[in-house]
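Per-entry structural report
Next come the chains, spelled out residue by residue.
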Amino acid sequence: MNHTFTFTIDGVEVRGRPGQTIMQAADEAGIYIPRLCAHKELVPHGSCRVCTVFVNGRPQSACTQPAAPGIIVENETEALLAIRRSLIDMLFVEGNHFCPFCEKSGNCELQALAYRFGITAPQHPYLFPKRDLDASHPDIFIDRNRCILCGRCVRASRDLDGKNVFQFVGRGPGKRIAVNAKAALADTDAARTDRAVSACPVGAILRKRVGYAIPIGQRMYDAAPIGSDIEAVRADPHQ
Amino acid sequence: MAKPKVATTSLAGCFGCHMSFLDIDDRILKLIELVDFDKSPVDDIKKFTGRCLVGLIEGGCCNEENVRVLQDFRAHCDILISVGECAIAGGIPAMRNAIPLEECLRESYLKGPTIYNPTKTIPNDEEIPLLLDRVYPAHEVVKIDYFLPGCPPSADTIWEALTALLNGKPLDLPYPLIKYD
(Lines give C-alpha, C1' and ligand atoms only; values in the text may rest on other atoms or scores of the structure.)
Protein backbone atom coordinates (compact mmCIF):
# COMPACT_ATOMS: atom_id res chain seq x y z
CA MET A 1 0.00 0.00 0.00
CA ASN A 2 2.86 2.39 -0.73
CA HIS A 3 1.81 3.55 -4.17
CA THR A 4 1.08 7.22 -4.75
CA PHE A 5 -1.96 8.74 -6.37
CA THR A 6 -2.82 12.15 -7.77
CA PHE A 7 -5.51 14.73 -7.13
CA THR A 8 -5.82 18.43 -7.90
CA ILE A 9 -5.66 21.61 -5.79
CA ASP A 10 -6.95 24.65 -7.67
CA GLY A 11 -6.38 22.74 -10.89
CA VAL A 12 -2.76 21.87 -10.11
CA GLU A 13 -1.96 18.15 -10.04
CA VAL A 14 -0.65 17.06 -6.64
CA ARG A 15 0.80 13.72 -5.56
CA GLY A 16 -0.54 12.07 -2.43
CA ARG A 17 0.22 8.92 -0.45
CA PRO A 18 -2.24 6.74 1.43
CA GLY A 19 -2.53 8.00 5.01
CA GLN A 20 -1.69 11.59 4.13
CA THR A 21 -4.04 14.46 4.84
CA ILE A 22 -4.80 17.02 2.15
CA MET A 23 -2.66 19.52 4.07
CA GLN A 24 0.36 17.20 4.23
CA ALA A 25 0.18 16.48 0.50
CA ALA A 26 -0.25 20.19 -0.26
CA ASP A 27 2.76 21.10 1.92
CA GLU A 28 4.94 18.63 0.02
CA ALA A 29 3.75 20.06 -3.26
CA GLY A 30 4.56 23.61 -2.11
CA ILE A 31 0.94 24.72 -1.92
CA TYR A 32 0.14 26.65 1.24
CA ILE A 33 -3.21 26.05 2.88
CA PRO A 34 -3.65 28.64 5.68
CA ARG A 35 -3.93 27.09 9.16
CA LEU A 36 -3.87 27.98 12.85
CA CYS A 37 -4.55 24.98 15.08
CA ALA A 38 -2.59 22.63 12.83
CA HIS A 39 1.07 22.03 13.66
CA LYS A 40 3.46 19.74 11.81
CA GLU A 41 4.46 17.75 14.90
CA LEU A 42 1.01 17.49 16.48
CA VAL A 43 -2.00 15.34 15.76
CA PRO A 44 -4.59 17.37 13.86
CA HIS A 45 -7.36 19.00 15.86
CA GLY A 46 -9.59 20.39 13.11
CA SER A 47 -11.02 23.08 15.36
CA CYS A 48 -10.03 26.48 13.95
CA ARG A 49 -11.42 25.75 10.46
CA VAL A 50 -8.97 28.23 8.87
CA CYS A 51 -7.68 25.41 6.65
CA THR A 52 -11.17 24.79 5.26
CA VAL A 53 -10.99 23.79 1.60
CA PHE A 54 -13.70 22.59 -0.75
CA VAL A 55 -13.31 18.90 -1.54
CA ASN A 56 -15.48 17.92 -4.49
CA GLY A 57 -17.58 20.97 -3.61
CA ARG A 58 -17.95 20.25 0.11
CA PRO A 59 -16.19 22.19 2.88
CA GLN A 60 -13.64 20.08 4.80
CA SER A 61 -10.72 20.92 7.09
CA ALA A 62 -7.54 20.12 5.13
CA CYS A 63 -5.66 19.14 8.31
CA THR A 64 -8.00 16.22 9.06
CA GLN A 65 -9.40 15.22 5.67
CA PRO A 66 -7.44 12.35 4.05
CA ALA A 67 -6.06 12.93 0.57
CA ALA A 68 -7.70 10.56 -1.90
CA PRO A 69 -7.24 9.70 -5.57
CA GLY A 70 -8.92 12.07 -7.98
CA ILE A 71 -10.47 14.48 -5.48
CA ILE A 72 -10.89 18.07 -6.64
CA VAL A 73 -9.71 20.51 -3.97
CA GLU A 74 -10.35 24.24 -4.03
CA ASN A 75 -8.02 26.32 -1.86
CA GLU A 76 -7.32 29.86 -3.07
CA THR A 77 -10.76 31.04 -4.13
CA GLU A 78 -12.58 34.27 -3.35
CA ALA A 79 -15.23 32.36 -1.40
CA LEU A 80 -12.68 30.60 0.80
CA LEU A 81 -10.69 33.79 1.34
CA ALA A 82 -13.92 35.41 2.59
CA ILE A 83 -14.56 32.51 4.99
CA ARG A 84 -10.98 32.54 6.28
CA ARG A 85 -10.96 36.31 6.72
CA SER A 86 -14.17 36.04 8.70
CA LEU A 87 -12.70 33.35 10.96
CA ILE A 88 -9.59 35.46 11.65
CA ASP A 89 -11.79 38.51 12.22
CA MET A 90 -13.87 36.65 14.78
CA LEU A 91 -10.79 35.42 16.62
CA PHE A 92 -9.58 39.01 16.88
CA VAL A 93 -12.84 40.48 18.21
CA GLU A 94 -13.54 37.55 20.56
CA GLY A 95 -10.33 38.09 22.54
CA ASN A 96 -8.30 41.06 23.66
CA HIS A 97 -5.53 41.18 21.09
CA PHE A 98 -3.52 44.32 21.76
CA CYS A 99 -0.82 43.83 19.13
CA PRO A 100 1.15 47.05 19.84
CA PHE A 101 2.49 45.81 23.16
CA CYS A 102 2.29 42.04 22.73
CA GLU A 103 5.69 40.35 22.86
CA LYS A 104 4.57 37.89 20.21
CA SER A 105 3.82 40.64 17.68
CA GLY A 106 5.69 40.02 14.43
CA ASN A 107 5.99 36.31 15.24
CA CYS A 108 2.29 35.69 15.87
CA GLU A 109 0.49 33.33 13.50
CA LEU A 110 -2.94 34.91 14.05
CA GLN A 111 -1.55 38.35 13.20
CA ALA A 112 0.43 36.91 10.28
CA LEU A 113 -2.70 35.38 8.78
CA ALA A 114 -4.49 38.71 9.08
CA TYR A 115 -1.56 40.35 7.28
CA ARG A 116 -1.57 37.70 4.58
CA PHE A 117 -5.30 38.18 4.02
CA GLY A 118 -4.82 41.97 3.88
CA ILE A 119 -7.12 42.65 6.85
CA THR A 120 -6.85 46.28 7.98
CA ALA A 121 -9.76 46.19 10.44
CA PRO A 122 -12.25 43.54 11.56
CA GLN A 123 -15.80 43.70 10.24
CA HIS A 124 -17.36 42.46 13.49
CA PRO A 125 -17.81 44.49 16.70
CA TYR A 126 -15.24 43.95 19.45
CA LEU A 127 -16.44 41.99 22.48
CA PHE A 128 -13.73 43.08 24.97
CA PRO A 129 -14.24 40.01 27.15
CA LYS A 130 -12.97 39.83 30.71
CA ARG A 131 -10.21 37.22 30.78
CA ASP A 132 -7.55 36.42 33.33
CA LEU A 133 -3.80 36.03 33.42
CA ASP A 134 -1.75 33.44 35.30
CA ALA A 135 1.77 34.69 36.03
CA SER A 136 2.32 32.42 39.06
CA HIS A 137 5.02 30.33 37.38
CA PRO A 138 8.58 31.71 37.69
CA ASP A 139 9.46 31.17 34.00
CA ILE A 140 6.29 31.21 31.90
CA PHE A 141 2.84 32.82 31.95
CA ILE A 142 -0.60 32.35 30.43
CA ASP A 143 -2.46 35.41 29.16
CA ARG A 144 -5.96 34.17 28.36
CA ASN A 145 -6.80 37.52 26.72
CA ARG A 146 -4.80 36.28 23.74
CA CYS A 147 -5.83 32.61 23.77
CA ILE A 148 -7.61 31.42 20.61
CA LEU A 149 -8.37 27.90 21.95
CA CYS A 150 -6.39 26.14 19.23
CA GLY A 151 -5.40 23.41 21.68
CA ARG A 152 -1.80 23.24 20.48
CA CYS A 153 -0.50 23.50 24.07
CA VAL A 154 -2.85 20.71 25.13
CA ARG A 155 -1.55 18.39 22.41
CA ALA A 156 2.11 19.42 22.73
CA SER A 157 2.14 18.96 26.51
CA ARG A 158 0.44 15.58 26.25
CA ASP A 159 2.20 14.13 23.19
CA LEU A 160 5.60 15.86 23.01
CA ASP A 161 6.34 16.81 26.62
CA GLY A 162 4.54 13.84 28.18
CA LYS A 163 3.14 16.07 30.91
CA ASN A 164 -0.54 16.88 30.35
CA VAL A 165 -0.20 20.37 31.81
CA PHE A 166 -3.02 21.99 29.83
CA GLN A 167 -6.63 21.07 29.16
CA PHE A 168 -9.83 22.77 28.05
CA VAL A 169 -12.58 23.44 30.58
CA GLY A 170 -16.06 24.89 30.05
CA ARG A 171 -18.16 25.04 26.90
CA GLY A 172 -19.13 27.62 24.29
CA PRO A 173 -18.22 31.19 25.19
CA GLY A 174 -17.09 29.95 28.63
CA LYS A 175 -14.48 27.60 27.20
CA ARG A 176 -10.95 28.33 28.34
CA ILE A 177 -7.57 26.74 28.76
CA ALA A 178 -6.94 25.42 32.27
CA VAL A 179 -3.93 23.89 34.00
CA ASN A 180 -3.69 20.45 35.54
CA ALA A 181 -3.20 21.61 39.14
CA LYS A 182 -5.18 22.64 42.18
CA ALA A 183 -4.69 26.37 41.71
CA ALA A 184 -2.27 27.79 39.19
CA LEU A 185 0.42 27.25 36.57
CA ALA A 186 3.09 27.36 39.28
CA ASP A 187 1.66 24.16 40.77
CA THR A 188 2.21 22.16 37.57
CA ASP A 189 5.43 20.61 36.28
CA ALA A 190 5.42 22.96 33.27
CA ALA A 191 8.90 24.16 32.35
CA ARG A 192 10.42 26.99 30.35
CA THR A 193 11.68 24.55 27.71
CA ASP A 194 8.34 22.75 27.20
CA ARG A 195 7.21 22.31 23.61
CA ALA A 196 3.76 23.36 24.83
CA VAL A 197 5.16 26.86 25.29
CA SER A 198 6.76 27.19 21.87
CA ALA A 199 3.74 25.58 20.19
CA CYS A 200 1.46 28.51 21.10
CA PRO A 201 0.76 30.37 17.83
CA VAL A 202 -0.18 33.60 19.65
CA GLY A 203 1.06 35.39 22.76
CA ALA A 204 -1.09 33.39 25.19
CA ILE A 205 1.74 31.24 26.60
CA LEU A 206 5.05 33.06 26.72
CA ARG A 207 8.43 32.76 28.39
CA LYS A 208 9.19 35.45 30.94
CA ARG A 209 12.23 37.74 30.63
CA VAL A 210 12.35 37.54 26.84
CA GLY A 211 10.46 40.71 25.98
CA TYR A 212 10.88 42.29 22.57
CA ALA A 213 14.11 40.44 21.80
CA ILE A 214 13.97 40.57 18.00
CA PRO A 215 14.05 44.06 16.44
CA ILE A 216 11.16 45.18 14.23
CA GLY A 217 12.01 44.35 10.65
CA GLN A 218 13.73 41.05 11.51
CA ARG A 219 10.77 39.21 13.01
CA MET A 220 9.32 36.14 11.37
CA TYR A 221 6.50 37.76 9.40
CA ASP A 222 7.85 41.31 8.93
CA ALA A 223 8.98 40.92 5.34
CA ALA A 224 7.34 37.81 3.90
CA PRO A 225 3.83 36.46 4.54
CA ILE A 226 3.18 33.34 6.59
CA GLY A 227 3.31 30.27 4.32
CA SER A 228 6.12 31.69 2.15
CA ASP A 229 8.41 28.86 3.32
CA ILE A 230 5.96 26.27 2.01
CA GLU A 231 5.38 28.15 -1.22
CA ALA A 232 9.15 28.37 -1.75
CA VAL A 233 9.17 24.58 -2.27
CA ARG A 234 6.98 25.00 -5.30
CA ALA A 235 8.96 27.94 -6.64
CA ASP A 236 12.16 25.87 -6.56
CA PRO A 237 12.44 24.02 -9.91
CA HIS A 238 14.81 21.41 -8.43
CA GLN A 239 12.15 20.02 -6.12
CA MET B 1 -9.23 75.17 -8.93
CA ALA B 2 -9.04 75.18 -5.15
CA LYS B 3 -6.90 72.49 -3.59
CA PRO B 4 -8.68 69.62 -1.81
CA LYS B 5 -8.69 69.92 1.95
CA VAL B 6 -7.44 67.53 4.61
CA ALA B 7 -8.51 67.58 8.27
CA THR B 8 -6.97 65.58 11.12
CA THR B 9 -7.75 65.01 14.78
CA SER B 10 -6.51 63.05 17.76
CA LEU B 11 -9.32 61.61 19.91
CA ALA B 12 -8.42 58.99 22.55
CA GLY B 13 -4.92 58.66 21.15
CA CYS B 14 -1.40 59.70 22.12
CA PHE B 15 -0.61 61.93 19.11
CA GLY B 16 1.84 59.24 18.00
CA CYS B 17 -0.02 58.84 14.72
CA HIS B 18 0.28 62.59 14.08
CA MET B 19 4.01 62.31 14.88
CA SER B 20 4.25 59.50 12.34
CA PHE B 21 2.38 61.70 9.86
CA LEU B 22 5.01 64.44 10.33
CA ASP B 23 7.58 61.71 9.76
CA ILE B 24 6.87 61.95 6.02
CA ASP B 25 9.67 64.55 6.33
CA ASP B 26 10.22 66.77 3.27
CA ARG B 27 7.34 65.07 1.49
CA ILE B 28 5.19 67.42 3.56
CA LEU B 29 6.28 70.22 1.17
CA LYS B 30 4.91 68.18 -1.73
CA LEU B 31 1.74 67.53 0.26
CA ILE B 32 1.24 71.23 0.89
CA GLU B 33 1.31 71.76 -2.89
CA LEU B 34 -1.42 69.16 -3.27
CA VAL B 35 -3.74 70.00 -0.36
CA ASP B 36 -4.76 72.63 2.15
CA PHE B 37 -5.20 71.73 5.78
CA ASP B 38 -8.51 72.50 7.46
CA LYS B 39 -9.32 71.65 11.10
CA SER B 40 -6.16 70.00 12.40
CA PRO B 41 -3.54 70.27 15.15
CA VAL B 42 -1.03 70.70 12.29
CA ASP B 43 -2.23 74.28 11.62
CA ASP B 44 -4.22 74.73 14.84
CA ILE B 45 -7.51 75.47 13.04
CA LYS B 46 -10.13 74.60 15.65
CA LYS B 47 -13.33 74.63 13.57
CA PHE B 48 -14.14 73.34 10.11
CA THR B 49 -14.08 76.11 7.49
CA GLY B 50 -15.74 73.99 4.81
CA ARG B 51 -16.00 70.67 3.07
CA CYS B 52 -12.93 68.38 3.23
CA LEU B 53 -11.87 65.57 0.94
CA VAL B 54 -10.08 63.51 3.57
CA GLY B 55 -10.35 63.31 7.36
CA LEU B 56 -7.72 61.42 9.35
CA ILE B 57 -8.92 60.08 12.71
CA GLU B 58 -6.40 59.14 15.37
CA GLY B 59 -7.74 57.44 18.50
CA GLY B 60 -11.05 55.89 19.46
CA CYS B 61 -13.87 57.44 21.49
CA CYS B 62 -13.46 57.41 25.28
CA ASN B 63 -15.71 60.39 26.09
CA GLU B 64 -18.67 62.35 24.74
CA GLU B 65 -16.45 65.06 23.26
CA ASN B 66 -14.63 62.43 21.16
CA VAL B 67 -17.99 61.30 19.81
CA ARG B 68 -19.03 64.87 18.92
CA VAL B 69 -15.72 65.60 17.16
CA LEU B 70 -15.91 62.31 15.27
CA GLN B 71 -19.48 63.01 14.15
CA ASP B 72 -18.37 66.50 13.08
CA PHE B 73 -15.60 64.94 10.99
CA ARG B 74 -18.06 62.53 9.39
CA ALA B 75 -20.35 65.43 8.53
CA HIS B 76 -17.54 67.48 6.91
CA CYS B 77 -15.32 64.86 5.22
CA ASP B 78 -15.96 62.90 2.02
CA ILE B 79 -13.51 60.17 3.01
CA LEU B 80 -12.88 59.30 6.64
CA ILE B 81 -9.83 57.22 7.55
CA SER B 82 -9.15 55.48 10.85
CA VAL B 83 -5.44 55.90 11.47
CA GLY B 84 -3.72 53.54 13.91
CA GLU B 85 -4.58 50.90 16.47
CA CYS B 86 -6.60 53.14 18.83
CA ALA B 87 -8.98 54.37 16.13
CA ILE B 88 -9.33 50.85 14.71
CA ALA B 89 -9.47 48.74 17.87
CA GLY B 90 -9.51 51.11 20.83
CA GLY B 91 -5.84 50.41 21.57
CA ILE B 92 -4.26 51.09 24.95
CA PRO B 93 -7.23 53.20 26.23
CA ALA B 94 -9.51 50.20 25.55
CA MET B 95 -7.63 48.17 28.15
CA ARG B 96 -10.15 49.61 30.58
CA ASN B 97 -13.02 48.02 28.67
CA ALA B 98 -13.11 44.88 30.79
CA ILE B 99 -13.16 46.96 34.00
CA PRO B 100 -16.33 48.77 35.16
CA LEU B 101 -16.04 52.56 34.77
CA GLU B 102 -16.75 53.14 38.46
CA GLU B 103 -13.82 50.94 39.40
CA CYS B 104 -11.53 52.84 36.99
CA LEU B 105 -12.49 56.19 38.56
CA ARG B 106 -12.12 54.87 42.10
CA GLU B 107 -8.64 53.56 41.30
CA SER B 108 -7.63 56.82 39.54
CA TYR B 109 -8.93 59.28 42.14
CA LEU B 110 -9.39 57.47 45.43
CA LYS B 111 -7.61 54.16 45.85
CA GLY B 112 -4.46 54.36 43.71
CA PRO B 113 -1.17 54.11 45.63
CA THR B 114 0.07 57.60 44.65
CA ILE B 115 -3.24 59.48 45.01
CA TYR B 116 -3.34 62.72 47.02
CA ASN B 117 -6.99 63.74 47.16
CA PRO B 118 -7.95 65.09 50.61
CA THR B 119 -11.53 65.99 49.58
CA LYS B 120 -12.09 62.44 48.30
CA THR B 121 -13.97 63.73 45.28
CA ILE B 122 -14.09 62.30 41.79
CA PRO B 123 -13.99 65.20 39.26
CA ASN B 124 -17.50 65.85 37.96
CA ASP B 125 -17.45 69.34 36.44
CA GLU B 126 -19.72 69.98 33.49
CA GLU B 127 -16.68 71.42 31.64
CA ILE B 128 -15.11 67.95 31.72
CA PRO B 129 -16.40 65.67 28.96
CA LEU B 130 -18.28 62.69 30.39
CA LEU B 131 -16.50 59.37 30.04
CA LEU B 132 -18.23 56.67 28.02
CA ASP B 133 -18.96 53.27 29.56
CA ARG B 134 -16.09 51.91 27.49
CA VAL B 135 -13.75 52.97 24.69
CA TYR B 136 -15.24 52.58 21.20
CA PRO B 137 -13.31 52.11 17.96
CA ALA B 138 -14.16 54.92 15.49
CA HIS B 139 -16.01 52.61 13.09
CA GLU B 140 -18.40 51.55 15.86
CA VAL B 141 -19.51 55.21 16.15
CA VAL B 142 -19.57 56.50 12.54
CA LYS B 143 -19.02 55.02 9.08
CA ILE B 144 -15.29 54.79 8.34
CA ASP B 145 -14.14 54.41 4.74
CA TYR B 146 -10.53 53.22 5.11
CA PHE B 147 -8.28 51.82 7.82
CA LEU B 148 -4.54 52.34 8.21
CA PRO B 149 -3.37 49.89 10.89
CA GLY B 150 -0.22 50.30 12.96
CA CYS B 151 0.97 51.74 16.24
CA PRO B 152 1.61 54.10 14.64
CA PRO B 153 1.14 53.41 10.93
CA SER B 154 4.49 54.20 9.31
CA ALA B 155 4.97 57.51 7.51
CA ASP B 156 5.16 55.50 4.28
CA THR B 157 1.76 53.94 4.99
CA ILE B 158 0.17 57.35 5.57
CA TRP B 159 1.90 58.83 2.51
CA GLU B 160 0.89 55.87 0.34
CA ALA B 161 -2.73 56.24 1.43
CA LEU B 162 -2.93 60.03 1.00
CA THR B 163 -1.29 60.08 -2.43
CA ALA B 164 -3.47 57.20 -3.65
CA LEU B 165 -6.66 58.96 -2.55
CA LEU B 166 -5.58 62.39 -3.87
CA ASN B 167 -4.84 60.79 -7.25
CA GLY B 168 -8.17 58.98 -7.29
CA LYS B 169 -6.53 55.56 -7.10
CA PRO B 170 -7.75 52.62 -4.97
CA LEU B 171 -6.06 52.27 -1.60
CA ASP B 172 -4.29 48.92 -1.68
CA LEU B 173 -1.53 48.67 0.92
CA PRO B 174 1.39 46.36 0.01
CA TYR B 175 2.22 43.54 2.49
CA PRO B 176 5.07 45.28 4.37
CA LEU B 177 2.84 48.29 5.12
CA ILE B 178 0.08 46.32 6.89
CA LYS B 179 1.35 46.12 10.47
CA TYR B 180 -0.57 46.13 13.74
CA ASP B 181 2.36 47.33 15.86
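The sections below set out a description of the structure shown in this document. This is a predicted model, so every value here is computed, not measured.

Residue and element names in this part refer to chain B. One way to put it is that helix α2 (residues 27-34) packs onto helix α6 (residues 155-166) with a least axis distance of 12 Å and a crossing angle of 20°. Here α6 runs roughly parallel to α2, going by the angle between their axes. Where α2 crosses over α6, the two elements pack in a sense that is left-handed. Residue-level contacts link Arg-27, Lys-30, Leu-31 and Leu-34 of α2 to Ala-155, Asp-156, Trp-159, Leu-162 and Leu-166 of α6. Grouping the constituent residues of the contact of α2 with α6 by class yields six nonpolar, no polar and three charged.

This part is about the side chain of Arg-155 of chain A. All names here are of chain A. Its location among the elements puts Arg-155 in helix α4 (residues 152-160). Although Arg-155 lies buried, it forms no salt bridge, and the closest oppositely charged side chain, Asp-159, sits 6.8 Å away as judged by the N-O distance. Excluding residues within four positions of it along the chain, Arg-155 makes contact with Cys-37, Leu-42, Val-43, Pro-44, His-45, Cys-150 and Leu-160.

The bulk of non-glycine residues show a negative phi, and the bulk of peptide bonds are trans. Here the residue pair Cys-151 of chain B and Pro-152 of chain B is connected by a cis peptide bond, since its omega of -5° sits within 30 degrees of zero. In this fold, Pro-152 of chain B is placed in the loop between β7 (146-148) and α6. The phi dihedral of Asp-10 of chain A falls on the positive side, at around 50°, and the residue is not glycine. Looking at the element boundaries, Asp-10 of chain A is found in the loop between β1 (5-9) and β2 (12-16). The partly exposed category is assigned to Asp-10 of chain A, whose relative accessible area is 36%.

Below, the discussion takes up the interface of chain B and chain A. Contacts between the two partners involve 24 residues from chain B, matched on the other side by 29 residues from chain A. Surface buried jointly by chain B and chain A totals about 2,100 Å² across both partners, of which 65% is contributed by carbon and sulfur atoms. Interface area lost by chain B to chain A is led by Tyr-175, Tyr-180 and Asp-181 of chain B, which between them contribute 36%. Seen at the junction of chain B and chain A, the total is one salt bridge. Put simply, Arg-219 of chain A and Asp-181 of chain B hold a salt bridge, and the shortest N to O gap is 2.7 Å.

In the structure shown here, the tally under the stated rule is 22 salt bridges over all chains. As a salt-bridge pair, Asp-44 of chain B and Lys-46 of chain B come within 2.9 Å of each other at their nearest N and O atoms. Lys-46 of chain B gets classed as exposed once you look at its relative accessible area, which sits at 59%. Close ionic contact of Asp-78 of chain B with Arg-51 of chain B constitutes a salt bridge, the shortest N to O distance being 2.8 Å. Of this pair, Asp-78 of chain B sits in strand β5 (residues 77-83) while Arg-51 of chain B sits in the loop between β2 (36-37) and β3 (52-58), and the two are 27 residues apart along the sequence. The class for Asp-78 of chain B is partly exposed, based on a relative accessible area of 40%. A single salt-bridge network, built from bridges that share partners, covers Glu-76, Arg-116 and Glu-231 of chain A.

Next up on the list: the packing of aromatic side chains. Per the counting criterion, the structure on display carries eight aromatic pairs over all chains. Centroid distance Phe-48 of chain B to Phe-73 of chain B: 4.8 Å. Interplanar angle 70°. Geometry classified as edge-to-face. On the criterion of sequence distance, the pair formed by Phe-48 of chain B in the loop between β2 and β3 and Phe-73 of chain B in helix α3 (residues 64-76) is long-range, its members being 25 residues apart. Take Phe-48 of chain B and Phe-73 of chain B: they sit in the same class, and that class is buried. The aromatic ring of Phe-168 of chain A is capped on one face by Lys-175 of chain A, whose charged end is 4.2 Å from the ring centroid. The side chain of Arg-134 of chain B reaches across the aromatic face of Tyr-136 of chain B, ending 4.1 Å from its centre.

Parameters at a glance
- Residues numbered from 1 in each chain as written.
- Chains lettered and ligands numbered in written order.
- Predicted model: local features only at pLDDT ≥ 70, side-chain atom pairs only at ≥ 80, totals over all residues.
- Heavy atoms only, no water.
- Axes fitted to C-alpha atoms, helices over the stretch in contact; angles between N-to-C directions.
- Helix = DSSP H or I, 4+ residues; strand = E, 2+ residues; numbered from the N terminus.
- Parallel < 35°, antiparallel > 145°, perpendicular 65-115°, else oblique.
- Left-handed = near helix turned anticlockwise from the far one by under 90°.
- Contact = heavy atoms within 4.5 Å.
- Nonpolar A, V, L, I, M, F, W, Y, C, P; charged D, E, K, R; others polar.
- Buried < 20%, exposed > 50% of the residue type's maximum accessible area, 1.4 Å probe, protein only.
- Lys, Arg positive; Asp, Glu negative; His and termini not counted.
- Salt bridge = Lys/Arg side-chain N within 4 Å of Asp/Glu carboxyl O.
- Buried area = accessible area lost by both parts, 1.4 Å probe.
- Phe/Tyr/Trp six-rings, centres within 6.5 Å; stacked < 30°, edge-to-face > 60°.
- Lys NZ or Arg CZ within 6 Å of the ring centre and 35° of its normal.

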